[in-house]
Amino acid sequence: MTNLNKFQKLIAIANEHGISCHAAPEECLVATLPGEDDFLLAFSWSGAVEGEPPEYELIAISVQDITKEVTVAAWQIPAYLFSYVLRQAQMLVTAHKDFLRERNN
């Protein structure tokens, strides 16, 4: 699959799950985390699991805190687990905000 086809597939997967993304120059997709305007989700293809069929291609995901300019979390998942991304990202952002709140008290 060409890089353009992979990128279009990534856009389709994000759109299927209600994530409205836009392309970034680094060949990744970027979206604001729903309900959390200060946090960005970034998605890109990470490669394939060696010896596995194409559906096991990995998507690299990161969550960034825009105001603190830090990466909250980053992980890789097979495309078929993409539906869990938003829930995981929201849980990680909640934990990050709780940590910052505790640290500032």
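Being a predicted model, the structure only gives us computed values, none of them experimental.

Cut-offs used in this document
In this numbering scheme, every chain counts its residues from 1 along its sequence in written order. Two thresholds apply to this predicted model, a pLDDT of at least 70 for residue-level local features and 80 or more for giving and counting side-chain atom pairs, whereas whole-chain, interface and lining totals are computed over all residues. To obtain the side-chain values, all non-hydrogen atoms of the structure were included, while hydrogens and water were left out. Each helix corresponds to a stretch of at least 4 residues labelled H or I by DSSP, and each strand to a stretch of at least 2 residues labelled E; elements are numbered beginning at the N terminus. Each residue is placed in one exposure class: buried if its accessible area under a 1.4 Å probe, protein chains only, is under 20% of its type's maximum, exposed if it is over 50%, and partly exposed if it falls in between. Residue contacts follow a heavy-atom distance rule, with two residues in contact if any of their heavy atoms lie within 4.5 Å. We call two strands paired when DSSP finds no fewer than two bridges between them. The term salt bridge refers to a pairing of a side-chain nitrogen on Lys or Arg with a carboxyl oxygen on Asp or Glu at a separation within 4 Å. Nitrogen and oxygen atoms within 3.5 Å of one another constitute a polar contact, given that in protein one can donate a hydrogen and the other can accept it, and given that sequence-neighbouring residues count only through two side-chain atoms.

Enquirer: Teacher, can you tell me more about the environment of Ala89 here?
Expert: Following the sequence through the fold, Ala89 ends up in helix α2 (residues 85-104). A residue is classified by how much of its surface remains accessible, and Ala89, at 0% relative accessible area, is buried. It is 7.8 Å that separates the C-alpha atoms of Ala89 and Leu33, two residues lying 56 residues apart in sequence. Excluding anything up to four places from it in sequence, Ala89 contacts Leu33, Leu41, Val63 and Trp75.

Enquirer: Could you clarify how one ought to interpret the pairing of strand β4 (residues 57-65) in this entry?
Expert: The side chains of a regular strand alternate, residue by residue, between the two faces of the sheet. Among the nine residues of β4, seven are classified as buried, and the element is accordingly described as predominantly covered. Both β4 and strand β5 (residues 70-78) contribute to a ladder of eight bridges, which runs antiparallel. Note on β5: the bridge partner recorded for Ser62 is Ala74. In sequence, β4 turns back onto β5 through a hairpin of four residues, with Glu69 there showing a positive phi of about 55°.

Enquirer: Any chance you could explain the side chain of His96 here in plain terms?
Expert: Following the sequence through the fold, His96 ends up in helix α2. Take His96: its relative accessible area is 14%, and that puts it in the buried class. Those residues in contact with His96, other than ones at most four positions away along the chain, are Phe39, Asp65, Val70 and Val72.

Enquirer: So what exactly am I meant to see when it comes to unusual backbone geometry here?
Expert: A negative phi holds for most residues other than glycine; trans holds for most peptide bonds. Even without being a glycine, Glu69 presents a positive backbone phi close to 55°. With respect to the element layout, Glu69 can be found in the loop between β4 and β5. Judged by relative accessible area, which is 73%, Glu69 ranks as exposed.

Enquirer: Looking at this structure, I do not really get the pattern of salt bridges. What am I missing?
Expert: Opposite charge on two side chains allows them to pair when their charged atoms are near. For the coordinates displayed, the defined rule picks out two salt bridges. Note that Lys97 is salt-bridged to Glu36, the shortest N-O span being 2.9 Å. In this pair, Lys97 sits in helix α2 while Glu36 sits in strand β3 (residues 36-48), placing the two residues 61 residues apart along the sequence. For Arg101, the salt bridge goes to Asp98, with nearest N and O atoms at 2.5 Å. Note that Arg101 and Asp98 are positioned in helix α2 at a spacing of three residues, about one turn of the helix. Residue Arg101 is classed as partly exposed on the basis of its relative accessible area of 46%.

Enquirer: What's the story with the environment of Thr67 in this structure? I'm lost.
Expert: Inspection of the secondary structure assignment puts Thr67 in the loop between β4 and β5. Judged by its relative accessible area of 54%, Thr67 falls in the exposed class. In the structure, Thr67 is positioned 28 residues away from Phe39 in sequence and 8.2 Å away in space, judged by C-alpha atoms. Engagement of the side chain of Thr67 in a polar contact is seen with the side chain of Asp65, the distance being 2.8 Å.

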